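Chain and residue survey
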Amino acid sequence: MATVTLKGNPFETAGSLPAVGSAAPEFELVKTDLSVATLADYKGAKLVLNIFPSIDTPTCATSVRKFNESAAALKGVNVLCVSADLPFAAARFCGAEGIDNVDTGSSFRSTFGEDYGLSFSTGPLLGLLSRAVVVLDETGTVIHTEQVAETADEPNYDAALAVLA
């Protein structure tokens, strides 16, 4: 398990992020059209998993906007924004913001949070996903991870994007 904070208060997650060099755990996430996205859908391209508690919070919304801007310039790279939000919330947000360079996936009926070690297991965000970035190469191998120590902070975008070059 990992310990992260929310406004300085420590909380624990269900586990630890997958190790760099390991195969990414398989996943099934619900897209905005209620179809299922899987890891296999993204094989052959690099994949940035932008993971966060809820799209309806300022920091999470900012991360979606920033990765949307970055993704527009990246060839052979997909960005998948993952939260436990219902797919309808992601569709509403992305539609209102004009976000169309990233995909969204809801973990609301999957084991994604446990498989990636990111479900909060204690604290007020219990059951939601901790803020993290996981970058995969074209074969699904983990090439970068970041568990954001303070949930209210943004991830290190530059570090995540640097491994994509």
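Presented here is an overview of the structure given in this document. Only a predicted model underlies this, so the values are computations on that prediction, with no experimental measurement involved.

**Quick word on the overall build of the protein**
On a plain count of helices and strands, the protein comes out with 4 helices and 9 strands. Along the protein, helices (α) and strands (β) appear in the sequence β-β-β-β-β-α-β-α-β-α-β-β-α when read from the amino end. In terms of overall size, the protein behaves like a compact globule, its C-alpha atoms giving a radius of gyration of 14 Å where 165 residues would be expected to give roughly 15 Å. Principal-axis analysis of the C-alpha atoms places the extent of the protein at approximately 40 × 35 × 30 Å. Counting the 165 residues in the protein, one finds 48% classified as buried. Summed over its atoms, the accessible surface of the protein is roughly 7300 Å², and 53% of this surface lies on carbon and sulfur atoms.

**Some remarks on the nonpolar core**
Inside soluble globular proteins, nonpolar side chains tend to come together where they are buried. Core analysis: the largest hydrophobic core is formed by 21 residues, its most contacted members being Val48, Val64, Phe67, Val79, Phe93 and Val102. In terms of residues, this core owes the most to one element, helix H1 (residues 58-71), which gives 5 residues. One finds Phe27, Val82, Tyr116 and Leu136 within the second-largest nonpolar core, a separate group that totals 20 residues.

**Describing helix H2 (residues 87-97)**
All of the buried residues along H2 are Pro87, Ala89, Ala90, Phe93 and Cys94. For H2, the arc enclosing every buried residue in end-on projection is 160 degrees, short of the 170-degree limit, so these residues lie on one face. Summarising the geometry of H2, the exposed residues directed more than 90 degrees from the buried face are Phe88, Gly95 and Ala96. If you follow the buried residues of H2, they end up packed against strand S3 (28-30), H1 and strand S7 (103-106). Looking one or two residues beyond H2, the residue adopting positive phi is Gly98, at roughly 70 degrees.

**Considering the side chain of His144**
Mapped onto the fold, His144 is located in strand S9 (residues 142-147). Since its relative accessible area comes to 12%, His144 is described here as buried. If we ignore the near neighbours within four places in the chain, the residues touching His144 are Val20, Val133, Val134, Val135, Ala159, Ala160 and Val163.

**Examining H1**
Spanning 14 residues, H1 covers 20 Å between terminal C-alpha atoms, matching the ideal 20 Å at 1.5 Å per step. Within the span of H1, buried status applies to Thr59, Cys60, Ala61, Ser63, Val64, Phe67, Asn68 and Ala71. Elements in contact with the buried residues of H1: strand S5 (46-51), strand S6 (77-83), H2, strand S8 (132-136) and helix H4 (157-162).

Reading guide: rules and limits
- Residues numbered from 1 in each chain as written.
- Predicted model: local features only at pLDDT ≥ 70, side-chain atom pairs only at ≥ 80, totals over all residues.
- Heavy atoms only, no water.
- Helix = DSSP H or I, 4+ residues; strand = E, 2+ residues; numbered from the N terminus.
- Rg over C-alpha atoms; globule rule 2.2 N^0.38 Å.
- Buried < 20%, exposed > 50% of the residue type's maximum accessible area, 1.4 Å probe, protein only.
- Areas by Shrake-Rupley, 256 points an atom, 1.4 Å probe, with all protein chains shown as cover.
- Core = buried A, V, L, I, M, F, W, Y, C linked by side-chain atoms within 4.5 Å.
- Arc of directions from axis to C-beta.
- Contact = heavy atoms within 4.5 Å.
- Expected span 1.5 Å × (residues − 1).

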